[in-house]
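Per-entry structural report
Each chain, written out:
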Amino acid sequence: MPHTSAAHSRSRHRRWGRDLVEVAAVFTAMAAADFSADLVGHGPDGRMLLTASAAALLSAAGVHTWWAHRGRHPSADAADAATGATAATGMAAGAATSPVTGSAESAGQAPGPGDRPADGQSALWRMRTTVADAPGSLGRVCTALAASRVDIVTLQTHPLAEGTVDEFLLRAPAALPAAALVLTVADAGGRDTWLERADAHDMVDAPTRMLTLATRTALDAAELPLALRQLFGRCTIRSTPATPGAEPAEDALESTEMRLRDPSGGTITVRRDYLPFTPTEFARARALVELDARLGVRMPGGVNVVTLPGGNEITVRRAGPEDRAAALAMHDRCSPATLAMRYHGPAADADRYLTHLLGPRFGRSLAVETASGRLVALGHLLWDGDENEVALLVEDAWQRRGIGGALLRRLVELAAEAGRESVYAVTQAGNTGMVAAMRELGLPLDYQVEDATLVITASLPTAEGADAPSVDALPWVTSRRR
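Residues numbered from 1 in each chain as written. Predicted model: local features only at pLDDT ≥ 70, side-chain atom pairs only at ≥ 80, totals over all residues. Heavy atoms only, no water.

Remarks on the overall build of the protein chain
- When its secondary structure is counted, the protein chain shows 14 helices and 17 strands.
- Counting over 482 residues, the protein chain shows a buried share of 41%.
- Of the contacts formed within the protein chain by residues at least 6 apart in sequence, a portion of 67% connects residues at least 24 apart.
- By element, 56% of the accessible surface of the protein chain is carried by carbon and sulfur atoms, the whole surface being about 25400 Å². (Helix = DSSP H or I, 4+ residues; strand = E, 2+ residues; numbered from the N terminus. Buried < 20%, exposed > 50% of the residue type's maximum accessible area, 1.4 Å probe, protein only. Contact = heavy atoms within 4.5 Å. Areas by Shrake-Rupley, 256 points an atom, 1.4 Å probe, with all protein chains shown as cover.)

In structure tokens form, the structure reads like this:
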């Protein structure tokens, strides 16, 4: 990924090469002048030749001046001044999102027919650069981008103690290299520039994105880690339980890491190694956490009623910490072999995993109940960075009845609704029930076997231009909900 240090190095090399060309041009001009002097002083028509040369030079200068100003809009200078004033106002106002409809207009130039790349010939980029907190600094960057036929789709400003971080969504000609884009910004005064490819999802403006994430967090406590991740892009989120007797951790921001007090106890750590967080991003994260704390413990209602092939009806619902006692009772009814196959270890260690699995910060859990209200199965969708693990436990007496398949389908729906691209299951190579349930999903599967461990990864369908994989595109019809 290009950085301004490399851009500055290329800029120095370019200026050094330009100096060599200028020195060579001076020597060439001296030689030409000496030749012309000899020709004028000793030739038969020296005066006439000198007069004709002067007239040709004046004509060439006039044509050059006309050509340079023929495409200039009459109000260009005033527009450039307005651009600088607008940039200064935006930096003083704080973080804001302001759509710009065209790079030429934003730079104070009249857009021509070739200013916007044709469809299929442009690329979207996300870029951050730091500029001086002075009038006109942002305007110079916008003008430089316009000169390279780059459209500014959206713009956010993040004020710092020294300077301002400007975040752009850019539409650039596909033929324009990333290094050239960074070099253009560096020449206009931008520093610490960061650039990566973007897609249509990034075209949602910041206020709309924040409202959407706040709504999801308000409806479901399990959404907080997902909301933080979607807010900041590629990052690592870790929830650390509170230490008994220890003082609650304070919110803190340290470059590429922020620590937030978890409303349910402990600390939420957000780390993004490739790009430092700004105070504006820290404030947004704290606002989401504060919303979660004010709303308290909550879980979306509604259950799925599934009719099994044998005619029995079961209820599939969300599970949480309050289901721990019922889950422990189900463990007592499961055989050691079933527990060992699910938890990949001694059956005696199974109980200690439940607190983690049923916690809302680590994923989502589903419980299956019979008509009498007995909990007979648990399913878990666990967040693992960019990856997502699914795991099932079905009580021995209720195995081979279709419960695992129904539970797995609902977990995959939850992953699709959360915007995930794939899920994987870790099991023993001899667990034919889990293999069959994954195959019944009707999704592309990838198998990896190491020793006696089998990892099956299912790729989820995606909808072009949507915010998440399309649940409707999944190859089954969901059961009725109430």
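Okay, back to it.
Examining the packing of aromatic side chains
- Under the criterion given, the structure shown has 3 aromatic pairs.
- Pairing Tyr343 with Tyr353 gives two aromatic rings, centres 5.4 Å apart and planes at 10 degrees, and the pair type is stacked. On the criterion of sequence distance, the pair formed by Tyr343 in helix 11 (residues 336-343) and Tyr353 in the loop between helix 11 and helix 12 (354-357) is long-range, its members being 10 residues apart.
- The cationic tip of Arg272 hangs over the ring face of Tyr274; the distance from NZ or CZ to the ring centre is 5.9 Å. (Phe/Tyr/Trp six-rings, centres within 6.5 Å; stacked < 30°, edge-to-face > 60°. Lys NZ or Arg CZ within 6 Å of the ring centre and 35° of its normal.)

A few points about the nonpolar core
- Counting 37 residues, the largest nonpolar core has Val368, Leu381, Ile403 and Met438 as its most contacted members.
- Mapped by element, the contributors of at least two residues to this core are strand 10 (313-319), strand 11 (363-369), strand 12 (375-384), strand 13 (387-394), helix 13 (403-417), strand 14 (422-428), helix 14 (432-439) and strand 16 (453-459).
- In terms of residue count, helix 13 provides more of this core than any other element does, 9 residues in total.
- Apart from residues no more than four positions distant in its own chain, Ile403 is found in contact with Leu308, Ile314, Val368, Val376, Ala377, Val394 and Trp398.
- Among the nonpolar cores identified, the runner-up in size contains 22 residues, and Met127, Leu170, Leu176 and Ala178 belong to it. (Core = buried A, V, L, I, M, F, W, Y, C linked by side-chain atoms within 4.5 Å.)

As for the sheet that holds strand 2 (residues 151-159)
- In spatial order, the strands read 2-3-1-4; together these 4 strands make up an open sheet with antiparallel pairing. Of all strands in the sheet, those with a lone pairing partner are strand 2 and strand 4 (191-197), marking the two edges. Each neighbouring strand pair of the sheet contributes to a mean axis angle of 15 degrees, computed without reference to strand direction.
- Examined bridge by bridge, strand 1 (residues 122-131) and strand 4 share 5 bridges and lie antiparallel to one another. Its bridge partner being in strand 4, Thr130 is matched across the sheet by Arg191.
- Contacting strand 1, strand 3 (164-173) and strand 4, helix 6 (residues 178-187) runs over the sheet at an angle of about 150 degrees to strand 4. (Pairing = 2+ DSSP bridges. Axes fitted to C-alpha atoms, helices over the stretch in contact; angles between N-to-C directions.)

Some remarks on the sheet that holds strand 6 (residues 252-254)
- In space, the 4 strands of this open sheet follow the order 5-8-7-6, with antiparallel pairing throughout. Only two strands of the sheet have a single neighbouring strand rather than two, namely strand 5 (236-240) and strand 6. Across the sheet, the mean angle separating the axes of adjacent strands is 15 degrees when strand polarity is ignored.
- Against the sheet, helix 9 (residues 279-295) touches strand 6 and strand 7 (257-261), its axis set at about 25 degrees to strand 7.

Functional significance is not addressed by these values, which are geometric in nature.
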